[in-house]
Amino acid sequence: MTLPPLAQAAIAAFIVLNAVILMVAYVTLLERKFAARMQSRIGPYYVGWPHGWLQPIADALKLMLKEDVVPAAADRWVYNLAPIAFLVPCVLIFATIPFAPGLGVADLNIGILFFLAVSALEIVGLFMGGWGSNNKYALISAMRAVNQIISYDLPFIFTALVPVVLAGSMQLSEIVSAQTGLFGWFVFRAWGLGVLALLAYLVATIAAENRVPFDILEAESELVAGFRVEYSGMKFALIQLGEYAHILGTSFLGALLFLGGWLGPGPAWLGPIWFLLKAIFVFLLITWVRWSFVRIRVDQILAISWKLLLPLSIVLLMAAAFAVAWSGGARV
Amino acid sequence: MSDFMGGLSKPPEPPTRSEPSRGVRGRTRETRDGPRGPESVTGFGTGTQRGGGSVAVLRDGAKGFWGETLQLARAVGRTMGVTFKNLVARKPVTVMYPDVRRQYPDRFRGVLALTYDKETGEENCIGCRLCEYICPPQVIKVEMLKAKERNWAKHFTLELYSCEFCELCVQVCPTDAIVMLKTFELATSDRRELLLDKDRLHALGLEHEHSWATGTRLRDMQAPPKAARGEGHRDGATRGEAAVTAPAAAAKPAGTAALAGAGSAEESATPAPAAKADGPSTAEAVKTAAAPPAAPGEVKTKETAE
């Protein structure tokens, strides 16, 4: 390679960004089909044969053609910046994810720290949207979102640190290479600690992304569409894109931390496909939860986080550390 | 400790009752300090409940942290099991509407239409304004045109955009002039297109399939069998026929036969699906037909009692 490193990184980022946006579009179709089958429906069908595979493209076109309405009383700067401020961290988390050994934008040695820090930034854009809209529903919803996301980021981080402790590294590719071997994935390891950690990770993920059953920031009867109630057209599309990118990003991280990333039978070039399948599996788990439950109350959401999930994740982290120390550096 | 997680797993029920109260479906519902019933039922999920060792979603007896956690885990498992079963085991029930249409029931209440006489090609409406009087949202306006042999409707307008599809106009029509159609496709970009006059009501009737119900049929279905009185407008003779056929029909075992007895007053051949389509009215028809052979005096006392 004769290209300067900056150009290489730019090309890699361009490819990953477009791949992510395409994947996000098709993940929405997947979710709609999945949800439809759970409710004995068919889902999108007419746009594109077979089974409406052009539906995401049609949706994007429709949103692009829509009128962009800015409320008269909105804080224009904040209102217009919010979708971008929301989208950028959600897409940026993909920068550090390696899709195969050496295949990725940047395999940082503090990759997971970068991921957790950047994914928490999403809340800034969300609150900007709620505040800038100058709408009481949007503001209430954004405030709910802030207190919920702050509550759930703690257990999210603690559970994501369990594999870090087990692998002894913060570099994501190192974490994957620590999971080689039969039943080497962290779900199966550490005497059941891994399964518990994955479950806690899933719950924290769902809550941190404001998905059902923790989706109190969007309520048709009281808050309408929540913080994005005043957004239309492409700005709305950016917010949706960011939300799904975030979900997909945490799905990839979950597959990487607990399900062994690109490890799997077959030749090495199958690695990214295994990784993608695992990430989609995690995504479908989240979707399955979404379409199974009704939402719970605000106080219950906070109680679950502070009274159950946070202590549980701290105990899990300490148990993992103890297990590693007990075995004296050997595989747990 | 039972208030852990803000009472997430508590059933929404007043706690202090000493005896088991009756649940929604008449099963015993256990209360906080009452004895445990045969199975604790919360009123949720009765559709998926298996017999015997079924797991109630919310059991009041679970106490403490582990009890509640176990209970929550079970509830989560059951809920996700239901959706998983839907995902893998059940076929979609969607009917691809514009391409495929399902069979609409024979008592379908759709768009209204006026009918022609089949032989003479004349309209059946005599402008009596009964439908106008009975119409609850008052969307029908009729004007009578008096003539020698019979009367006609000079104007007949129906504001379909305000119609509530109650079928009362069909029920009262003495000449079966107004009927409902098995169509509901009313979407239009101009509200005025739903202001139907006589010609358009006629045209609609030719265009779409008619529903089963007509004034005569509906009245026959509800009235007890009557002896011929000869004063009916044009189906007096057929009513008498109904009274005669009723006992004979009652002798036959099937309910369809009974319906044929009562329902074929107007036309000799009742469309067969009519027997399947309307549950309650079939039962009524059976009752009517199965009444003891019409002794005229008895019928009269019934009528006066009503």
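Residues numbered from 1 in each chain as written. Chains lettered and ligands numbered in written order. Predicted model: local features only at pLDDT ≥ 70, side-chain atom pairs only at ≥ 80, totals over all residues. Heavy atoms only, no water.

**Quick notes on the overall build of chain A**
This is how it is decided: Strands here are runs of E lasting at least two residues and helices are runs of H or I lasting at least four, both read from the DSSP assignment and numbered beginning at the N terminus. The contact criterion used throughout is that any non-hydrogen atoms of two residues lie within 4.5 Å. Note on areas: Shrake-Rupley with a 1.4 Å probe; residue coverage comes only from the protein chains shown.
Assigned secondary structure in chain A consists of eleven helices and zero strands. Put simply, chain A runs from its N terminus to its C terminus through helices and strands in the order α-α-α-α-α-α-α-α-α-α-α. Relative to all contacts within chain A whose residues are 6 or more apart in sequence, the contacts with residues 24 or more apart total 74%. Accessible surface computed for chain A: about 15,200 Å², of which carbon and sulfur atoms make up 74%.

**Examining the environment of Val 229 of chain A**
All names here are of chain A. Heads up, the rule is: Buried means the residue's accessible area, taken with a 1.4 Å probe over protein chains only, is under 20% of the maximum for its type, while exposed means over 50%, and partly exposed covers the values in between.
Tracing the sequence through the fold places Val 229 in the loop between α8 (193–208) and α9 (233–258). The class of Val 229 is partly exposed, set by a relative accessible area of 24%. For the pair Val 229 and Gly 129, spaced 100 residues apart in sequence, the C-alpha to C-alpha distance is 9.4 Å. In this view, Val 229 contacts Asn 135, Ala 138 and Val 224; residues no more than four positions away in its chain are not counted.

**Concerning the sheet that holds strand β7 (residues 195–196) of chain B**
Residues and elements named next belong to chain B. Keep this limit in mind: A strand pair is defined by DSSP finding two or more bridges across the two strands. With axes taken as lines fitted to C-alpha atoms, and helix axes fitted only over the stretch in contact, angles between N-to-C directions fall between 0 and 180 degrees.
Sheet architecture is open: three strands sit in the order β4-β5-β7, paired in antiparallel fashion. This sheet does not close on itself; its edge strands, each paired only once, are β4 (140–145) and β7. Taken together, the six bridges between β4 and strand β5 (residues 152–159) define a ladder with antiparallel strand orientation. Directly across from Ile 140, in β5, lies its bridge partner Leu 158. On the sheet, helix α4 (residues 198–207) packs against β5 and β7 and is oriented at approximately 80° with respect to β5.

**What to know about the packing of aromatic side chains**
Where we set the bar: Each pair of aromatic rings taken from Phe, Tyr and Trp, with Trp reduced to its six-membered ring, is defined by centres within 6.5 Å and is described as stacked if the planes are under 30 degrees apart, edge-to-face if over 60, and tilted in the remaining cases. Charges are assigned to positions over rings by a cutoff of 6 Å between ring centre and Lys NZ or Arg CZ, combined with an angular limit of 35 degrees from the ring normal.
What the rule picks out here adds up to 18 aromatic pairs over all chains. Taken together, a centroid distance of 5.4 Å and an interplanar angle of 40° make the contact between Trp 288 of chain A and Phe 84 of chain B tilted. One end of the pair, Trp 288 of chain A, is in helix α10 (residues 271–290); the other, Phe 84 of chain B, is in helix α1 (residues 64–88), on a second chain. Judged by relative accessible area, which is 39%, Phe 84 of chain B ranks as partly exposed. By way of ring pairs, the aromatic residues Phe 94, Phe 99, Phe 252, Trp 262 and Phe 275 of chain A are connected into one cluster. Sitting over the ring of Trp 152 of chain B, Arg 150 of chain B keeps its end group 4.1 Å from the ring centre. Here Arg 191 of chain B stacks its cationic end above the ring of Tyr 161 of chain B, 4.2 Å away from the centre of that ring.

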